[in-house]
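Residue-level structural notes
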Amino acid sequence: MNQNAIITGASKRIGRAITEHLASQGWSVLIHFNHSPDQAVELAASLSARYPEQKFKTIQADLAVPAEVGTLINQGILELGHLDLLINNASVFVPGSIGKTSLELLDSQFSINFQAPFFLMRDFSTLCKKGNIINLIDTRITANKPDYAAYTLSKKALWELTKMAALEFAPDIRVNAIAPGVTLAPSDLGDDYLLNLATHIPMKRPGGLDPILKSLEFILGNPYLTGQLLFADGGENLGTINPVKK
């Protein structure tokens, strides 16, 4: 039987890399997007041409709208026949200390980064009955820096949900998480931005996408693993350090 996945935020950046990687491993993918229809359609067409025996469909949904979130898993089943894997990758990342966080900012961070994954996980469990769920967290959850307070708290909550769901959904559904670190620069910044950040972490270099993809493979290939978080962050979760002066 073919393996089918639904990936949120699948048309760009980390989500796109995960989609392309799974496609190369024989997976069919439902490519979720919100504001990037052109990239999603282009990705689906490109993958369909490379892997004609697999299916690559696109679906638009605003993860801040509960009614749209509530249709995604069912639509994935309708499009692909069944689902074996849910990857909660989509997130929003907006700065703001606690003192500068408005109700609107808190709601936006939690609705997309926590509430949408919560209900997608619930629906996957109810409708699919078995398979894998992988949540993209963030190495920031190990610290309490307040510069992205609402974002960080939403990711901390998602990690706690990962463990809770792993316990409730076992043994038929495994639930795990990956925490990237210095991976990709924002679209308006170059490689120097990442290189500067990396001077403060143990491995002294950006990780890029490969550690995330290797973590994904480890989770999928280890049928006894559930409720775990893999830090693909070059040791950043251990604490940042000062740059080495030479």
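Further up the page is the structure itself.
The following paragraphs examine the structure supplied in this document. (Residues numbered from 1 in each chain as written. Predicted model: local features only at pLDDT ≥ 70, side-chain atom pairs only at ≥ 80, totals over all residues. Heavy atoms only, no water.)

**Observations regarding the packing of aromatic side chains**
Under the defined criterion, the tally for this structure stands at six aromatic pairs. With 4.5 Å between their ring centres and 80° between their planes, F93 and Y151 make a pair best called edge-to-face. Taken as a pair, F93 in the loop between β4 (85-88) and α4 (103-128) and Y151 in helix α5 (residues 149-169) lie far apart in primary sequence, 58 residues in all. We classify F93 as partly exposed; its relative accessible area is 41%. Plain terms: the ring middles of F118 and F119 are 5.1 Å apart, the flat faces sit at 70° to each other, and that makes the pair edge-to-face. Chaining the aromatic ring pairs together yields one cluster made of F110, F114, F118 and F119. (Phe/Tyr/Trp six-rings, centres within 6.5 Å; stacked < 30°, edge-to-face > 60°. Helix = DSSP H or I, 4+ residues; strand = E, 2+ residues; numbered from the N terminus. Buried < 20%, exposed > 50% of the residue type's maximum accessible area, 1.4 Å probe, protein only.)

**Describing the sheet that holds strand β2 (residues 28-33)**
Strand order in the open sheet made by the seven strands is β3-β2-β1-β4-β5-β6-β7, with parallel pairing throughout. Looking at which strands have only one partner, the edges of the open sheet turn out to be β3 (56-60) and β7 (229-232). When strand polarity is set aside, the average angle formed by the axes of neighbouring strands in this sheet is 20°. Pairing analysis gives four bridges linking strand β1 (residues 4-7) to β2, with the strands arranged parallel. Each bridged residue has a counterpart across the sheet, and for N4 the counterpart in β2 is S28. Here helix α2 (residues 37-50) sits on the sheet in contact with β2 and β3, set at roughly 170° to β3. Helix α3 (residues 66-80) rests against β1, β2, β3 and β4 of the sheet, and its axis sits at about 155° to β2. (Pairing = 2+ DSSP bridges. Axes fitted to C-alpha atoms, helices over the stretch in contact; angles between N-to-C directions. Contact = heavy atoms within 4.5 Å.)

**Some remarks on the nonpolar core**
Counting residues in each nonpolar core, the largest one holds 32 residues, and the members touching the most others are I73, L86, M121, F124, I133, I137 and V175. Elements supplying a minimum of two residues to this core: α3, α4, α5 and β6 (173-180). When sequence neighbours within four positions are dropped, the list of residues in contact with L86 reads I6, I73, L120, M121, F124, N132, I133 and I134. Of all hydrophobic cores here, the second largest spans 28 residues; its members include L22, L85, I178 and I219. (Core = buried A, V, L, I, M, F, W, Y, C linked by side-chain atoms within 4.5 Å.)

**Some words on the pattern of salt bridges**
Under the counting rule described, the total for this entry stands at six salt bridges. Between R16 and E42 there is a salt bridge; the shortest N-O distance is 2.8 Å. Of this pair, R16 sits in helix α1 (residues 13-24) while E42 sits in helix α2, and the two are 26 residues apart along the sequence. Between R122 and D123 there is a salt bridge, with its nearest N and O atoms 3.0 Å apart. Look at D123 and you get buried, because its relative accessible area is 9%. (Salt bridge = Lys/Arg side-chain N within 4 Å of Asp/Glu carboxyl O.)

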